Amino acid sequence: MTSTVSYELADSVATITLDDGKVNVLGPAMQAAINEALDRAEADQAKAVVLAGNSRVFSGGFDLSVFQSGDAAAALGMLSGGFELSVRTLTFPVPVIIAATGPAIAMGSFLLLSADHRVGQPKSRCQAIEVAIGMTIPISALEIMRMRLTPAAFERGAALAATFAGDEAVAAGWLDEIVEADQVLPRARQVAVEAAGTLHTGAHLATKLKARKSALEAIQAGIDGLATEFTLG
C-alpha cells in the first residue's frame, strides 16, 4: 500500500493498519490511502474489514496544519473527505471492525463511531475535542455522534468536549468492548473472522442501510452544506 497504511488479507478478513509514525492524522494523503485499501478489500472480496491504529493511537483527527494554512479549499476538501470516509465506513458492504489501539480524537473519534464494532483498551480515550480548541463541530460530525452515543453522552461530548475511556466509553456508545492493550487487534480480528463466517453479506448490508437511513441522510446533508457552514464558521 503506502508508507502510512498497510494491508493484509487472511481468513477472508482485510486488515488495514494506519501508521504515519505519529498520531495518524486524517489528512488528504491518509484519507486517500485508506480509501485505496478499502478498494482493495472490495476487489479481494473480503468478508470483513479490520481498521486499526498504530501502537500509540487510533487517530488524532484531521491534519490541523491544513486548517492553519489559510487554504480554504484544501480545508474544505479535507473535511468533506473525512466525512465521506465515515459514510463509506457506515455503508461498507461487509462488516467493519475498528481496533482502537489508542486514543480516537476529533475526526478519529467520528470514524470510530462509523464502524460496525469497536474494540478498545483502557487507554483508548475518545473525545470530540473541537470546542476545547476553538472549533465548531460540523453538522456531519454531530449527526455521527447523535447516531451512536447515548443522549447524555452526546450532549457532554459535543458541548463540553468530554473525554470518555474504559467502561464509560462503552456505556456512552463510543466503544463496544474493552480488552487489554495487547489484545485489541487480536480481538478485533476475532470479531471480524466470526462475522465473515456467520453473516450473510447481502442481508448485513441491506439491514444496516435500513437502520442507518435517516442518519446517513443527515450526515450527507451536512457534507453537502459544508461549503456554506465552513464560510459561516
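Residues numbered from 1 in each chain as written. Predicted model: local features only at pLDDT ≥ 70, side-chain atom pairs only at ≥ 80, totals over all residues. Heavy atoms only, no water.

Caption draft 1: Summary view of the packing of aromatic side chains. A full pass over the atoms with the stated rule returns 4 aromatic pairs. The interplanar angle of 85° and the centroid separation of 5.9 Å between the aromatic rings of Phe62 and Phe67 together place this pair among those described as edge-to-face. Owing to a relative accessible area of 8%, Phe62 belongs among the buried residues under this scheme. Judged by its relative accessible area of 22%, Phe67 falls in the partly exposed class. Between Phe164 and Trp174, the ring centres sit 6.0 Å apart and the planes meet at 40°, which makes this aromatic pair tilted. Taken together, the residues Phe164 in the loop between α6 (151-159) and α7 (166-172) and Trp174 in the loop between α7 and β8 (177-178) connect sequence positions 10 residues apart. For the pair Phe164 and Trp174, a shared accessibility class is recorded, and that class is buried. Taken together through their ring pairs, the aromatic side chains of Phe62, Phe67, Phe83 and Phe110 make up a single cluster. (Phe/Tyr/Trp six-rings, centres within 6.5 Å; stacked < 30°, edge-to-face > 60°. Buried < 20%, exposed > 50% of the residue type's maximum accessible area, 1.4 Å probe, protein only. Helix = DSSP H or I, 4+ residues; strand = E, 2+ residues; numbered from the N terminus.)

Caption draft 2: Expanded view of the environment of Val13. When you line up the elements, Val13 lands in strand β2 (residues 13-18). A relative accessible area of 3% means that Val13 is categorised as buried. Once you skip the residues sitting within four places of it in the chain, Val13 turns out to touch Glu8, Ala48, Val50, Ala192, Val193 and Ala196. (Contact = heavy atoms within 4.5 Å.)

Caption draft 3: Molecular detail of the side chain of Ser124. Within the secondary structure, Ser124 sits in the loop between β6 (117-120) and β7 (126-127). In terms of polar contacts, Ser124 uses its side chain to reach the backbone carbonyl oxygen of Ala100, at 2.6 Å. With near-sequence residues (within four places) excluded, Ser124 lies in contact with Ala100, Thr101, Gly102, Pro103, Phe164, Ala165 and Leu175. (Polar contact = N/O pair within 3.5 Å; in protein donor to acceptor, adjacent residues only side chain to side chain.)

Caption draft 4: Structural view of the sheet that holds strand β1 (residues 5-10). On the basis of which strands lie adjacent, the open sheet formed by 6 strands has the order β1-β2-β3-β4-β6-β8 and mixed pairing. Both outer strands of the open sheet, β1 and β8, are each paired with one neighbouring strand and no more. (Pairing = 2+ DSSP bridges.)

Caption draft 5: Structural context of the pattern of salt bridges. Throughout the structure, instances matching the rule amount to 11 salt bridges. The residue Arg88 makes a salt bridge to Asp39 at a minimum N-O spacing of 2.7 Å. Of this pair, Arg88 sits in helix α3 (residues 72-90) while Asp39 sits in helix α1 (residues 28-43), placing them 49 residues apart in sequence. Using a relative accessible area of 44% as the deciding quantity, one classes Asp39 as partly exposed. A salt bridge links Glu168 to Arg156; the nearest nitrogen and oxygen atoms lie 3.2 Å apart. Of this pair, Glu168 sits in helix α7 while Arg156 sits in helix α6; the two residues are 12 residues apart in sequence, bridging distant segments of the chain. Here Glu168 falls in the partly exposed class, since its relative accessible area comes to 36%. Three or more residues joined by partner-sharing salt bridges are found here, namely Asp39, Glu42 and Arg88. (Salt bridge = Lys/Arg side-chain N within 4 Å of Asp/Glu carboxyl O.)

Caption draft 6: Broad picture of the packing of helix α5 (residues 139-148) against helix α10 (residues 213-224). Orientation of α5 relative to α10, taken along the N-to-C sense of each, is 165°, at an axis distance of 7 Å. With respect to α10, the element α5 is oriented roughly antiparallel. Handedness of the α5/α10 crossing: left-handed. Of α10, the residues touching α5 (which contributes Ile139, Ser140, Glu143, Ile144 and Met147) are Ala215, Ala218, Ile219, Gly222 and Ile223. Partitioned by chemical class, the residues of the contact of α5 with α10 number 7 nonpolar, 2 polar and 1 charged. (Axes fitted to C-alpha atoms, helices over the stretch in contact; angles between N-to-C directions. Parallel < 35°, antiparallel > 145°, perpendicular 65-115°, else oblique. Left-handed = near helix turned anticlockwise from the far one by under 90°. Nonpolar A, V, L, I, M, F, W, Y, C, P; charged D, E, K, R; others polar.)

Caption draft 7: Geometry of the pairing of strand β4 (residues 96-100). Within β4, 5 of the 5 residues are buried, which leaves it mostly tucked inside the rest of the structure. In β4, alternate side chains face the same way, and those of Val96, Ile98 and Ala100 on one face and Ile97 and Ala99 on the other are all buried. One ladder, built from 4 bridges, connects strand β3 (residues 48-52) with β4; its direction is parallel. In the strand pairing of β4, Val49 is matched with Val96. The sheet contact formed by β4 and β6 spans 4 bridges and is parallel. Pairing of Ile98 across the sheet is with Arg118, part of β6.

Caption draft 8: Molecular detail of α1. The end-to-end C-alpha distance of α1, which contains 16 residues, comes to 22 Å, matching closely the 22 Å that a straight helix rising 1.5 Å per residue would cover. Here α1 has its buried residues at Met30, Gln31, Ala33, Ile34, Ala37, Leu38 and Ala41. For α1, the angular spread of buried residues about the axis comes to 165°, placing them on one side. In α1, the exposed positions that point more than 90 degrees away from the buried face belong to Ala29 and Ala43. The inward-facing, buried residues of α1 contact β1, β2, β3 and α3. Gln45 sits one or two positions beyond α1 and adopts a positive phi of about 55°. (Expected span 1.5 Å × (residues − 1). Arc of directions from axis to C-beta.)

Function cannot be read off these values alone, since they describe shape.
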